[in-house]
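# Chain and residue survey
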Amino acid sequence: MAKAIQEREIGLDLFAFLHGEVYSFVTRTGTDPEQQSTKLRAMGIRAGQVLQERLNLEAPRTQDEVDIVRFVCRDVWTHLYLKQIDKLRTDNKGAYYLIDNEFCLIKQVSDSMQYLRDLPLFLEFTCGLIQGIFVQFGISAIVTPEVTHPPMCIFKVQIHNVK
Amino acid sequence: MARLKASYSEAFTKKVGTELFLLTYGSLVAQLIQDYEDNDEINTQLDKMGYNIGLRLADDFLARYPQTKCVEFRETADVIAKFGFKNYLGFVPVVDKWNPSDRSCSLFFDHNPLAEFVELPPEHASLWYANILCGVLRGALEVVHLEVEVKFLQDVLRGDDKTELYIRFIRKIEDTVPPGED
């Protein structure tokens with residue numbers, strides 16, 4: 001049965017609407033923006049950790065941080081979004097920039113500038129998801145989004161330490 | 001129906017991975033369990049969210065296929081299973097157990113449509129894990145002026161052999177357009 005599920009794909013609209021409901025549930029019930037973003041991120045981290053546990057068998061048995069980042073950009077991203085990250089950059093000081101030229105959730109909202117203000121909160125869940133995957137690899141990282149030209153999204157992965 | 005079939009596949013080509021969807025949903029349910037202890041309240045919250053999703057999904061669907069018209073409720077159930085489930089969730093449930101007047105039926109799944117390796121904690125054994133689907137169908141059918149009752153009757157997560165989603169047609173919602181407007 002697990003195999004059958006791997007082969008299935010989900011309509012992007014349905015996923016985007018579900019994500020929208022998760023977002024609006026948290027913003028509706030949360031007390032302040034900080035609490036809301038913490039909660040969304042925590043939900044994402046939880047999902048990322050579960051995902052990584054599931055993917056573990058295929059994952060590279062490596063301690064090399066660059067290999068792990070590459071694995072996330074290629075294999076994990078394809079597993080999640082059915083495409084690879086378009087570009088990967090690094091400052092060689094522990095920061096990696098995962099660039100998705102057309103991030104599906106941003107494409108689904110709107111190109112208008114008024115959404116830009118809310119986008120960091122909107123992307124908390126996704127950032128948490130990526131963070132959760134790294135946590136499971138034993139890498140402590142903070143993931144933040146940068147959106148200057150939607151629907152392009154840059155996920156900045158700042159790695160703090162390799163345990 | 002024929003025209004619908006022909007153009008359907010093109011518009012629904014944008015997809016994401018199944019696990020992304022299931023894990024996002026799992027994370028939502030886990031959060032609701034944390035926020036609300038009461039199972040009925042969790043079921044209600046999931047149903048409400050589903051309703052919002054259903055309204056939007058149906059709008060989306062109709063914008064692409066304004067010609068979709070079902071004359072009988074049997075046809076509606078068929079479209080839900082063969083187009084709705086197929087294109088959004090990637091599989092087709094079995095539509096069965098029609099009542100003699102064709103006003104209610106059940107969709108059968110041999111797994112839980114939204115769960116993969118999920119186990120309900122004992123204290124939440126009466127939670128309908130995929131309850132969001134009830135809201136989705138209720139919302140989507142309301143857009144096409146059908147009032148329905150949707151509920152789960154069985155769930156493999158509860159130890160049943162199959163998962164059963166029951167749909168009952170209640171009434172057709174008449175357009176309430178004020179006189180003089182169209």
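The structure displayed is predicted, hence computed values, not measured ones.

Within chain B, the regular secondary structure consists of five helices and five strands. Starting at the N terminus, the α and β elements of chain B follow one another as α-β-α-α-α-β-β-α-β-β. Relative to its full complement of 182 residues, chain B shows a buried share of 48%. In chain B, the share of contacts with a sequence separation of at least 24, taken over all contacts with a separation of at least 6, comes to 62%. About 9,100 Å² of surface is accessible on chain B, with carbon and sulfur atoms providing 50% of the total.

Residues and elements named next belong to chain A. A cis amide bond links proline 150 to the next residue, proline 151, at an omega of 5°. Positioned with a positive phi, leucine 82 is a non-glycine residue whose angle comes to about 60°. Despite not being glycine, asparagine 92 shows a phi value in the positive range, around 60°. Within the secondary structure, asparagine 92 sits in the loop between β2 (87-90) and β3 (95-100).

Moving on to the pattern of salt bridges. For the structure on display, the rule yields 14 salt bridges over all chains. Between glutamate 149 of chain B and lysine 151 of chain B there is a salt bridge, and its shortest N-O distance comes to 3.5 Å. A residue is classified by how much of its surface remains accessible, and lysine 151 of chain B, at 36% relative accessible area, is partly exposed. A network of salt bridges, in which partner residues are shared, links Lys83, Asp86 and Asp100 of chain A.

Quick look at the confidence of the model for chain B now. Residue and element names in this part refer to chain B. Mean pLDDT over chain B: 88, with 88% of residues reaching 70 or higher. Element-level pLDDT for chain B is lowest in helix α1 (residues 2-11), with a mean of 45, against a maximum mean of 98 in strand β3 (residues 104-109). Residue range residues 1-11 is modelled with pLDDT below 50. Its contacts to residues more than four positions away, or to other chains, number 17 contacts. Here the predicted complex carries an ipTM of 0.91, next to a pTM of 0.90.

Note that asparagine 39 of chain B resides in helix α3 (residues 39-64). Here asparagine 39 of chain B is in contact with Glu123, His124, Ser126 and Leu127 of chain B, once residues within four sequence places are set aside.

Residue and element names in this part refer to chain B. Across the interface, helix α2 (residues 18-35) lies against α3 with an axial gap of 10 Å and an inter-helix angle of 140°. Comparing their axes, α3 and α2 come out oblique. α2 and α3 meet at a crossing whose hand is right-handed. Side by side, α2 and α3 meet where Tyr25, Leu28, Val29, Leu32 and Ile33 of the first sit next to Ile42, Gln45, Leu46 and Met49 of the second. Taken together, the residues of the contact of α2 with α3 break down into eight nonpolar, one polar and no charged.

Let us now look at the environment of arginine 74 of chain A. Residue and element names in this part refer to chain A. Looking at the secondary structure, you find arginine 74 in helix α4 (residues 65-81). With a relative accessible area of 41%, arginine 74 lands in the partly exposed category. It is 4.9 Å that separates the C-alpha atoms of arginine 74 and glutamine 84, two residues lying 10 residues apart in sequence.

On to the pairing of β3 of chain A, then. All names here are of chain A. Counted residue by residue, β3 has five buried out of six residues, so it is predominantly covered. Sheet analysis places β2 next to β3, joined by four bridges and oriented antiparallel. From the neighbouring strand, threonine 90 faces β3, where its bridge partner is tyrosine 96. Adjacent in sequence and paired antiparallel, β2 and β3 are bridged by four residues, among which asparagine 92 carries a positive phi angle near 60°.

Let us now look at the interface of chain A and chain B. Counting residues at the interface gives 35 residues for chain A and 39 residues for chain B. Note on chain A versus chain B: buried area summed over both sides is about 3,700 Å², and carbon and sulfur give 66% of it. The largest share of the area that chain A buries against chain B comes from Arg8, Ile10 and Phe17 of chain A, three residues that together contribute 19% of it. At the junction of chain A with chain B, the criterion picks out one salt bridge. A salt bridge links lysine 39 of chain A to aspartate 35 of chain B; its shortest N-O distance comes to 2.7 Å.

Below, the discussion takes up the sheet that holds strand β2 (residues 94-96) of chain B. Residue and element names in this part refer to chain B. The four strands lie next to each other as β2-β3-β5-β4, forming an open sheet whose pairing is antiparallel. Unpaired on one side and paired on the other, β2 and β4 (146-154) mark the two borders of the sheet. The mean angle between the axes of side-by-side strands here comes to 25°, regardless of whether they run parallel or antiparallel. Sheet topology places β3 next to strand β5 (residues 163-172); six bridges connect them, and they run antiparallel. Counterpart to serine 104 in the pairing with β5 is arginine 168. Against the sheet, helix α5 (residues 132-143) makes contact with β3, β4 and β5, and its axis sits at roughly 165° relative to β4, the strand it touches most.

Calculation criteria
- For every chain, the first residue of the written sequence is number 1, and numbering continues from 1 onward in sequence order.
- Written order determines the labels here, with chains lettered from A and ligands numbered from 1.
- Local features are withheld for residues below a pLDDT of 70 in this predicted model, meaning they are given only at 70 or higher, and side-chain atom pairs are given and counted only at 80 or more; totals for whole chains, interfaces and linings count all residues.
- Think of the side-chain values as coming from all heavy atoms in the structure, minus any hydrogens and water.
- Counting from the N terminus, the helices are DSSP H or I runs at least four residues long and the strands are E runs at least two residues long.
- Exposure classes here rest on a 1.4 Å probe applied to the protein chains alone. A residue is buried below 20% of its type maximum, exposed above 50%, and partly exposed in between.
- Contacts were defined at the residue level, with two residues in contact if any of their heavy atoms lie within 4.5 Å.
- For every accessible area listed, the method is Shrake-Rupley and the probe measures 1.4 Å; residues are considered covered only by the protein chains on display.
- The rule for a salt bridge is simple: a side-chain nitrogen of Lys or Arg has to be within 4 Å of a carboxyl oxygen of Asp or Glu.
- pLDDT expresses, on a scale from 0 to 100, how confident the predictor is about each individual residue.
- Note on definitions: angles span 0 to 180 degrees between N-to-C directions of axes, and those axes are lines fitted to C-alpha atoms, for helices only across the stretch in contact.
- Note on angle classes: values under 35 degrees are labelled roughly parallel, values over 145 roughly antiparallel, values of 65 to 115 roughly perpendicular, and the remainder oblique.
- Crossing handedness is read from the near helix: turned anticlockwise from the far helix by less than a right angle, it gives a left-handed crossing, and turned clockwise, a right-handed one.
- In this count, Pro and Cys sit with the nonpolar residues alongside Ala, Val, Leu, Ile, Met, Phe, Trp and Tyr, while Asp, Glu, Lys and Arg are called charged and the others, Gly among them, polar.
- Pairs of strands are assigned from DSSP output, requiring at least two bridges between the strands.
- The quantity reported as buried area is the accessible area (1.4 Å probe) lost by two parts once they are put together, taken as the sum for both.

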